[in-house]
Amino acid sequence: MEEEPETGNSSRTERKALEKAKILQRERERKVFRLVGRVLKKPEAQRSEEEAAALLLHREAVEELCRRQIRRNVLKRKQEEVFDEVDELKSKVQQLAAAVKQAGHLVVYTGAGISTAASIPDYRGPNGVWTQLQKGRTVSSSDLSKAEPTVTHMSIRTLHKEKLVKHVVSQNCDGLHLRSGLPRQALSELHGNMFIEVCTACSPAREFVRLFDVTERTSLHRHGTGRACRHCGSELRDTIVHFGERGTLEQPLNWKGAAEAAKEADVILCLGSSLKVLKKYACLWSMNRPANKRPKLYIVNLQWTPKDDLAVLKIHGKCDDVMSLLMEELNLQIPKYSRAEDPIFSLATPLHPEEIQSHTREVLAAPDGQEGPSAEERQPSEESSALQGGWFGRGYSKGRRKKKKKAS
């Protein structure tokens, strides 16, 4: 009787040999890429005969490294800020003004770039949060609730009041559109509002507008604020939609309003958004329509966006500068932000006495002549530090993890 082969042991030995061969192959490839990379960095005239021969021998590595360099150069160009010359900027704004006047249903999409004038950092600009973290740099802390609506926010509010803008779709969580006086029914805050916490146990969900950033305890998949609904006792949660999450709250996200506005839009004006996130929301772009029946797209941004090729006009300028020129062309005054007219003070729900110590954020001071929070409520606790809220926290933790991986 013949002995059965030891298939188990042999297959395991074969797997180990195969894995070892793969590891050795990868190491050989790394050595080749390091060698070729060093040679390519030298000017052609300074390469030795041996180095020139190495490039001929490893042509595939040369081609791959050249492709990588091209991709890096393209990415670098996309991250660069471009400014239109003064005369060109004025000419483009005149074209934009004509489009605004002729539009039957103008919708505005806004991103972090409209709030940089309020000292709120953007994400992908040269000094943006993601940009700094990718370079291994720390991002300075700031109290985002101290920001006030900018020229752009106030211009948009006026354009809506004049019935030139029908709806605003914002990616920002800073609450500045609401504080500018823009009516809530005309606003979709797709990624939430740092001043609003909600009770999802109540039906419909119950909103509580606060005079401070409610997100200090929250982060990705952790939305509890630590306060309870005074009607049902359930824990309140913030309204922020982080990367990797899907926003389902009716308000303040107002997806229904955004989708309906996009469906009716004949002109879309994008202000200060990289559009790298917004481009993924198909319902905002009417891509199911024939190309000639889609909304005309106008973009104001200093950097490249993935929608540039589809735009009727791309304006390279700061949002406040462009909007100032636009309002001048339209012969409209830009109102200054007035704390006395800020709707957040009339919308806000005061904390109960036992809730005053439930946060460490500074509370917005009410304008003169209006009843606001008590001195005790306005004063943050001694543990307070000028850290961004949970809606920036995700970016920070992401950056720290990357840094730790590099260090390990």
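Residues numbered from 1 in each chain as written. Predicted model: local features only at pLDDT ≥ 70, side-chain atom pairs only at ≥ 80, totals over all residues. Heavy atoms only, no water.

A. Here's a closer look at the nonpolar core. Counting residues in each nonpolar core, the largest one holds 31 residues, and the members touching the most others are Leu96, Leu159, Leu269, Leu271 and Leu326. Among the secondary structure elements, those contributing two or more residues to this core are α4 (86-102), β1 (106-110), α6 (151-161), β8 (267-271), β9 (296-300), β10 (313-315) and α9 (319-329). Counting residues per element, this core draws most heavily on α4, at six residues. Not counting chain neighbours up to four residues away, the residues in contact with Leu269 comprise Leu96, Leu106, Val107, Val108, Tyr109, Tyr298 and Val300. (Core = buried A, V, L, I, M, F, W, Y, C linked by side-chain atoms within 4.5 Å. Buried < 20%, exposed > 50% of the residue type's maximum accessible area, 1.4 Å probe, protein only. Helix = DSSP H or I, 4+ residues; strand = E, 2+ residues; numbered from the N terminus. Contact = heavy atoms within 4.5 Å.)

B. Highlighting a positive patch on the surface. Together, Lys78, Lys276, Lys279 and Lys280 give the surface a local cluster of positive charge. You can see Lys78 is positioned in helix α3 (residues 59-79). A residue is classified by how much of its surface remains accessible, and Lys78, at 30% relative accessible area, is partly exposed. (Patch = residues over 30% accessible without salt bridge, like charges linked within 9 Å, V, L, I, M, F, W, Y side chains within 5 Å. Areas by Shrake-Rupley, 256 points an atom, 1.4 Å probe, with all protein chains shown as cover. Salt bridge = Lys/Arg side-chain N within 4 Å of Asp/Glu carboxyl O. Lys, Arg positive; Asp, Glu negative; His and termini not counted. Charge placed at Lys NZ, Arg CZ, Asp CG, Glu CD.)

C. Region of interest: helix α2 (residues 49-57). Within α2, the full set of buried residues consists of Glu51, Ala54 and Leu55. The buried residues of α2 occupy an angular sector of 100 degrees when projected down its axis, which confines them to one face. Along α2, exposed side chains directed more than 90 degrees from the buried face belong to Glu49, Glu50, Leu56 and Leu57. (Arc of directions from axis to C-beta.)

D. Region of interest: the pattern of salt bridges. In this structure the tally under the stated criterion is 15 salt bridges. With a closest N to O distance of 3.1 Å, Arg68 and Glu64 form a salt bridge. Of this pair, Arg68 and Glu64 both sit in helix α3, four residues apart, which is roughly one turn of the helix. Between Glu64 and Arg71 there is a salt bridge whose closest N-O contact spans 3.6 Å.

E. Structural detail: unusual backbone geometry. Going from Ser203 to Pro204, the amide bond is cis rather than trans, its omega being -5 degrees. Relative to the elements of secondary structure, Pro204 occurs in the loop between β4 (196-199) and β5 (206-209). The omega torsion of the bond from Gln251 to Pro252 falls at 5 degrees, within 30 degrees of zero and hence cis. Structurally, the position occupied by Pro252 is in the loop between β7 (235-238) and α8 (255-264). A positive phi is found at His221, a non-glycine position, where the angle reads about 65 degrees. Position of His221 among the secondary structure elements: in the loop between β5 and β6 (224-228). With a phi close to 65 degrees, Leu275 is a non-glycine residue in the positive phi region.

F. Region of interest: the sheet that holds strand β3 (residues 187-189). One open sheet accounts for six strands, arranged β3-β2-β1-β8-β9-β10; its pairing is parallel. Among the strands making up the open sheet, the edge pair consists of β3 and β10. Here the strands of the sheet are splayed against their neighbours by 15 degrees on average, with no regard to which way each runs. In this sheet, β9 lies alongside β8 in parallel orientation, the contact comprising five bridges. Bridge pairing links Val267 to Lys296 in β9. (Pairing = 2+ DSSP bridges. Axes fitted to C-alpha atoms, helices over the stretch in contact; angles between N-to-C directions.)

G. Broad picture of the packing of aromatic side chains. Applying the stated rule across the entire model yields two aromatic pairs. Between Tyr109 and Trp285, the ring centres sit 5.4 Å apart and the planes meet at 85 degrees, which makes this aromatic pair edge-to-face. Placement of Tyr109 in strand β1 and of Trp285 in the loop between β8 and β9 is noted, with a sequence separation of 176 residues between them. Its relative accessible area of 0% is what places Tyr109 among the buried residues. Residue class for Trp285 comes out buried when judged on its relative accessible area of 6%. Looking at Lys307, its charged tip hangs above the ring of Trp285, at a distance of 4.5 Å from the centre. (Phe/Tyr/Trp six-rings, centres within 6.5 Å; stacked < 30°, edge-to-face > 60°. Lys NZ or Arg CZ within 6 Å of the ring centre and 35° of its normal.)

H. Expanded view of the pairing of strand β2 (residues 167-170). Burial along β2 is two-sided: the residues His167 and Val169 and Val168 and Ser170 are all buried. Bridge count for β1 against β2 is four bridges, and the pairing is parallel. What sits directly across from Tyr109, in β2, is Val169. Bridging between β2 and β3 involves three bridges; their strand directions are parallel. Bridging across to β3, Ser170 finds its partner in Glu189.

I. Quick peek at the sheet that holds β4. With antiparallel pairing, four strands are arranged side by side in an open sheet as β5-β4-β7-β6. For this open sheet the edge positions go to β5 and β6, each flanked by a neighbour on one side alone. Each strand axis lies, on average, 35 degrees off the axis of its neighbour in the sheet, ignoring direction. Strand direction decides the pairing type here: β4 and β7, joined by two bridges, are antiparallel. Each bridged residue has a counterpart across the sheet, and for Glu197 the counterpart in β7 is Asp238.

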